[in-house]
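Chain residues, written in single-letter form:
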There are 2 protein chains.
Amino acid sequence: MTVVVVGSIAFDAVTTPFGERGRMLGGSAVHFSLSASFFSDVRVVGPVGDDFGEDEYAVLHDRGVITDDIERIESGKTFFWRGHYDYDLNTARTDETQLNVFGEFEPKLSEDSKRADTLFLANIQPDLQLEVRNQCKAARLAGLDSMNLWIDTARDSLVRAIGAVDLVLMNDAELRMLTDEPNLARAAAAVRALGPRIVVAKQGEYGAALFSEEGFFALPGYPLEDVLDPTGAGDSFAGGFLGYLDAHREDGLSEPVLQRAMTYGSVMASFNVEEFGTERVRRLTIDEINERFAEFKHMTHFEAIPIEVRAAR
Amino acid sequence: MTVVVVGSIAFDAVTTPFGERGRMLGGSAVHFSLSASFFSDVRVVGPVGDDFGEDEYAVLHDRGVITDDIERIESGKTFFWRGHYDYDLNTARTDETQLNVFGEFEPKLSEDSKRADTLFLANIQPDLQLEVRNQCKAARLAGLDSMNLWIDTARDSLVRAIGAVDLVLMNDAELRMLTDEPNLARAAAAVRALGPRIVVAKQGEYGAALFSEEGFFALPGYPLEDVLDPTGAGDSFAGGFLGYLDAHREDGLSEPVLQRAMTYGSVMASFNVEEFGTERVRRLTIDEINERFAEFKHMTHFEAIPIEVRAAR
């Protein structure tokens, strides 16, 4: 089983109330890959410049991520994002974006990537997402993420891309914005009407909710007292979610598999934000993942004892 | 077992994008009472004017709520609130408040109410909350709600009132505001440091989260496609939560009991918002409550299958 992810590979400069990093490995495809690598084989597709060196490759290789489809542009520079978060950590504020090699990116998947079982189109321009989807016809499960920028500037393209995938993972605010529906259940239904079988609403500190034909499933966020850097949380969630689904394709997209995938996604997002960039996930272990999975179970499960009609009524 | 609630008994005029009511029974103590009445005996304390008639008493009596401690002021008028909600239904906008008899309210609990096992201090001025708490010394479990108004104008009083109760149920934004802590886990810990053993953060459509010495427990909101009127949802939650706890005092505040109480609170809030004011809860049945409880279980529970270290790593 293999997951292919297409998205940004970046250097990030991030300032939060709890610290800063001037230049660290980041990007949606990187966060996704590292997270998914705990569950399945991962191939990452995206462009980098000649400033992307051995150290950066090593982070991916240490987790077994296959980097054959990283396109290295000599005399180009890697995508760069600089941003900060205010004290509530809810919203990333972009201070600077240098598209660099990403500005000319034309995804070309290798034959191995085209044969992948599972595809994740991280948040990139939706025409590119559709182009990759069409190259990766073998994928039996394709998902995408997007953002307000594309809803504003490329809505028709985004709707087409959504129509070509099986699942959509987006922030709940962006699901509402895309569908012009303030009610999330209605927004999710409207997105599912465009084609995807499954919609996952990422809700930041409130967790995540899954809408599918079979019903609704939701998990709270993990109650961390120390969130150092939320960058990459959504892509870490997607990596855990799709990585788990890819590894359990033989079970189909059954409810129990989807529920566990949601939980592993939540687990991975919770680790991601504990430190800056990829720092925490790099040294994460399977035992830690399973331990937090059990914590999620403990903090959401309860035993039912039906109440009875009261005698006096 | 008896729950006493002190709070507003009101006429509400509410406009939402889905309809309006010019004058309907409302108020925090009313929503709480009706909800709690499915679980335990309820006594309601608060003032009304001579415009509060048989029809209004009948709504409470139909659910077995004991109204002996409603103080009816002849030639006074009942508290009146007029407000509206915008399309996202997240925030109540107050258009008019007439305190009327509530402006001079000096709570005087009957001997029966003073002997109650459980006390809920709905959102009223915190000095009044403390005064009632001191009258109701027998209560082995006391909880309170509050709001941004009192945090702004009576913070010291509110801190004293919080120090005299066992549990605090507040909106998460108000917990953050009270403690000046944007991180909810830290905000809850700071409130618990003031005295209460348990803090419940109400999170609107995102559900509710419980913080206690034993740990964290959270539930998502019920994914309704049609929310007609959110007024009273928080008090309905509190009614289900404290009503269930009151009815199960013999089990102590054990984790399983608290978890079920959270679920019944969520169930009651979800029904409350389906229609205007008290309309839905008035004709609610135990079977409907138990059925939705089971739905909550279905939409939050999952089976754990630990992942294993992958061979290639």
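Refer to the structure above for everything that follows.
Residues numbered from 1 in each chain as written. Chains lettered and ligands numbered in written order. Predicted model: local features only at pLDDT ≥ 70, side-chain atom pairs only at ≥ 80, totals over all residues. Heavy atoms only, no water.

Side note on the relation of the copies chain B and chain A
When chain B is brought onto chain A, the operation consists of a screw motion whose angular component is 180° and whose axial shift is 0.0 Å, with 0.0 Å RMSD remaining. Taken together, the rotation angle and the small translation identify this as a two-fold axis. When the interface residues of chain B are mapped onto chain A, 98% of them are again interface residues, pointing to one common binding face. (Least-squares fit on C-alpha atoms with pLDDT ≥ 70 in both. Contact = heavy atoms within 4.5 Å.)

Examining the nonpolar core
A:Phe241, A:Leu245, B:Phe241 and B:Leu245 are the most contacted members of the largest nonpolar core, which has 218 residues in total. Discounting residues that sit within four places of it in the chain, B:Leu245 has contacts with B:Leu141, B:Leu167, B:Leu253, B:Val257, B:Leu258 and B:Ala261. (Core = buried A, V, L, I, M, F, W, Y, C linked by side-chain atoms within 4.5 Å. Buried < 20%, exposed > 50% of the residue type's maximum accessible area, 1.4 Å probe, protein only.)

Examining the packing of aromatic side chains
Under the counting rule described, the total for this entry stands at 31 aromatic pairs over all chains. Taken together, a centroid distance of 6.2 Å and an interplanar angle of 80° make the contact between A:Phe217 and B:Phe302 edge-to-face. Here A:Phe217 is found in strand 13 (residues 215–219), whereas its partner B:Phe302 is found in the segment after helix 12 (286–298) on a different chain. Taken as a pair, A:Phe217 and B:Phe302 share a single burial class, namely buried. With centroids separated by 5.4 Å and ring planes inclined at 80°, the aromatic side chains of A:Phe302 and B:Phe293 adopt a geometry described as edge-to-face. One end of the pair, A:Phe302, is in the segment after helix 12 (286–298); the other, B:Phe293, is in helix 12, on a second chain. Considered together, A:Phe302 and B:Phe293 belong to a single accessibility category, that of buried residues. Members of the aromatic cluster, joined through ring pairs, are A:Phe39, A:Phe217, A:Tyr244, A:Tyr264, A:Phe293 and B:Phe302. (Phe/Tyr/Trp six-rings, centres within 6.5 Å; stacked < 30°, edge-to-face > 60°. Helix = DSSP H or I, 4+ residues; strand = E, 2+ residues; numbered from the N terminus.)

Some points on the interface of chain B and chain A
Across the contact, 58 residues belong to chain B and 57 residues belong to chain A. For the pair chain B and chain A, the two sides together bury roughly 5,000 Å², of which 55% comes from carbon and sulfur. At the junction of chain B with chain A, the criterion picks out 6 salt bridges. Counting every contact that joins chain B to chain A gives 31 residue pairs in polar contact (both at pLDDT 80 or more). Of all the secondary-structure elements, those providing two or more residues to the side of chain B that touches chain A are helix 7 (172–179), helix 8 (184–192), strand 13 (215–219), helix 10 (255–272) and helix 12 of chain B. A total of 7 residues in the side of chain B that touches chain A trace back to one element, the largest contributor, which is helix 12 of chain B. Residues belonging to the side of chain B that touches chain A are distributed by class as follows: 30 nonpolar, 12 polar and 16 charged. (Buried area = accessible area lost by both parts, 1.4 Å probe. Salt bridge = Lys/Arg side-chain N within 4 Å of Asp/Glu carboxyl O. Polar contact = N/O pair within 3.5 Å; in protein donor to acceptor, adjacent residues only side chain to side chain. Nonpolar A, V, L, I, M, F, W, Y, C, P; charged D, E, K, R; others polar.)

Some thoughts on the packing of helix 10 (residues 255–272) of chain A against helix 12 of chain A
Residue and element names in this part refer to chain A. Direction vectors running N to C along helix 10 and helix 12 enclose 115°, while the axes themselves pass 9 Å from each other. By the angle between their axes, helix 10 is roughly perpendicular relative to helix 12. Viewed along their axes, helix 10 and helix 12 form a crossing whose handedness is right-handed. Touching Arg260, Thr263, Tyr264, Ser266, Val267, Met268, Ser270 and Phe271 of helix 10 are Glu288, Ile289, Asn290, Arg292, Phe293 and Phe296, all from helix 12. Tallied by class, residues from the contact of helix 10 with helix 12 come to 7 nonpolar, 4 polar and 3 charged. (Axes fitted to C-alpha atoms, helices over the stretch in contact; angles between N-to-C directions. Parallel < 35°, antiparallel > 145°, perpendicular 65-115°, else oblique. Left-handed = near helix turned anticlockwise from the far one by under 90°.)

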